[in-house]
Amino acid sequence: MSTLGNSMNIFWQESPIGKLERQKLLNQKGCVVWITGLSGSGKSTLACSLSRELYERGKLSYILDGDNLRHGLNKDLGFKAEDRTENIRRVGEVAKLFADAGLICIASLISPYRKDRDACRAMLPDSNFIEASLFLNERDPKGLYKLARAGKIKGFTGIDDPYDPPLNCEIEINQKDGVCPMPSAMAGEVVTYLEDKGYLQD
């Protein structure tokens, strides 16, 4: 096991250009929009729609998609509890860097454990962690719930593995009269929040 984390011989190197300068250059405030919800709830759909909306407004964002990250950064991790925790820790660290660069980082992951999401929130200064929770759980676009309920997928979040819903998220998106909102409407809710809080500076 590596002991790098305990080394006394590593030092933080300051950059000559700080976060405020980068934000001024981009005319926006760096932050992390952390989208959480069960599989099939629309996380990736919201992330893509939000990224497109921000792009059209001249704002720079980047999506960290949970499935995509398991093809590279987190391809060595499985789905045991400790692997899920490490998965979220790594994403949190990357998201923090994007926010420090002045980007609006959109992290789209199930992130089932509240303690792990709270740990990511604690990584960011100035309350720049915006948790968006999706409760659109009747969707099953990939057919995974059907397989999990049939016992063909084990350890499936929301079926035989726990999901801790947020207690005090900044944004909550629900069905309206039993109907899932359109992607543009969901993105609009997030954009309105970002505007109201001054992240889309003009």
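Residues numbered from 1 in each chain as written. Predicted model: local features only at pLDDT ≥ 70, side-chain atom pairs only at ≥ 80, totals over all residues. Heavy atoms only, no water.

Explanation requested: the sheet that holds strand 4 (residues 129-135) in the structure shown.
Strand order in the open sheet formed by five strands is 2-3-1-4-5, and the pairing between neighbours is parallel. Of all the strands in the sheet, the pair left with one neighbour each is strand 2 (61-65) and strand 5 (171-174). When strand polarity is set aside, the average angle formed by the axes of neighbouring strands in this sheet is 15°. Both strand 1 (residues 31-36) and strand 3 (residues 104-108) contribute to a ladder of five bridges, which runs parallel. The residue bridging V33 from the neighbouring strand is I106, located in strand 3. Sheet strands touched by helix 4 (residues 81-100): strand 1, strand 2 and strand 3. Its angle to strand 1, the strand with the most contacts, is close to 145°. Together, strand 1, strand 3, strand 4 and strand 5 form the strand contacts of helix 7 (residues 183-196), whose direction differs from that of strand 5 by roughly 165°. (Pairing = 2+ DSSP bridges. Helix = DSSP H or I, 4+ residues; strand = E, 2+ residues; numbered from the N terminus. Axes fitted to C-alpha atoms, helices over the stretch in contact; angles between N-to-C directions. Contact = heavy atoms within 4.5 Å.)

Before we go on, may I ask you to explain the nonpolar core in this structure?
The tendency in soluble globular proteins is for nonpolar side chains to be buried as a group. Of all hydrophobic cores here, the largest spans 22 residues; its most connected members are V33, I35, L46, L50, L54, I130 and L194. Elements supplying a minimum of two residues to this core: strand 1, helix 2 (43-56), strand 3, strand 4, strand 5 and helix 7. The element that contributes the greatest number of residues to this core is helix 7, accounting for six residues. Contacts of L54, omitting those with residues within four sequence positions, involve K59, S61, I104, I106, V191, L194 and L200. (Core = buried A, V, L, I, M, F, W, Y, C linked by side-chain atoms within 4.5 Å. Buried < 20%, exposed > 50% of the residue type's maximum accessible area, 1.4 Å probe, protein only.)

Help me out: how do you make sense of unusual backbone geometry in this one?
For residues other than glycine, phi is negative in most cases, and the peptide bonds are mostly trans. In this structure, N27 is a non-glycine residue whose phi angle is positive, near 55°. Position of N27 relative to the elements: it lies in the loop between helix 1 (19-26) and strand 1. At S111, a position not held by glycine, the phi torsion is positive, near 40°. Among the secondary structure elements, S111 is positioned in the loop between strand 3 and helix 5 (114-123). Relative accessible area serves as the criterion here: at 3%, S111 is assigned to the buried category.

I keep staring at the pairing of strand 1 and nothing clicks. Help me out?
Taken residue by residue, a regular strand's side chains alternate between the two faces of the sheet. Counted residue by residue, strand 1 has six buried out of six residues, so it is predominantly covered. Of the two faces of strand 1, both are covered, the one formed by C31, V33 and I35 as well as the one formed by V32, W34 and T36. Where strand 1 meets strand 4, five bridges bridge the pair, whose relative direction is parallel. When the sheet's bridge partners are listed, T36 is paired in strand 4 with S133.

Could you clarify how one ought to interpret the pattern of salt bridges in this entry?
Opposite charge on two side chains allows them to pair when their charged atoms are near. For the structure on display, the rule yields 13 salt bridges. Close ionic contact of K80 with E82 constitutes a salt bridge, the shortest N to O distance being 3.8 Å. Of the charged contacts, one joins E170 and R121 as a salt bridge, the two residues approaching to 2.8 Å between their closest N and O atoms. Note that E170 is positioned in the loop between helix 6 (144-149) and strand 5 and R121 in helix 5, a separation of 49 residues in sequence. (Salt bridge = Lys/Arg side-chain N within 4 Å of Asp/Glu carboxyl O.)

Looking at this structure, I do not really get helix 1. What am I missing?
Because an α-helix completes one turn every 3.6 residues, residues spaced three or four positions apart along the sequence face the same direction. Within helix 1, burial applies to K19, R22 and Q23. Viewed end-on, helix 1 has its buried residues packed into an arc of 100°, placing them on one side of the element. Exposed positions of helix 1 whose direction lies more than 90 degrees from the buried face are L20, K24 and L25. Residues of helix 1 that are buried in the fold lie against helix 4. One or two steps after helix 1, the chain reaches N27, where phi turns positive at roughly 55°. (Arc of directions from axis to C-beta.)

Just to check I follow, could you spell out the environment of E189 for this structure?
Tracing the sequence through the fold places E189 in helix 7. Counting along the chain gives 16 residues from E189 to I173, while the straight-line C-alpha distance between them is 8.3 Å. Apart from residues no more than four positions distant in its own chain, E189 is found in contact with E172, I173 and K176.

Would you take a moment to explain the pairing of strand 4 for this structure?
Strand 4 sits mainly inside the fold: six of its seven residues count as buried. Where strand 4 meets strand 5, four bridges bridge the pair, whose relative direction is parallel. When the bridges of strand 5 are listed, L134 appears paired with I173.

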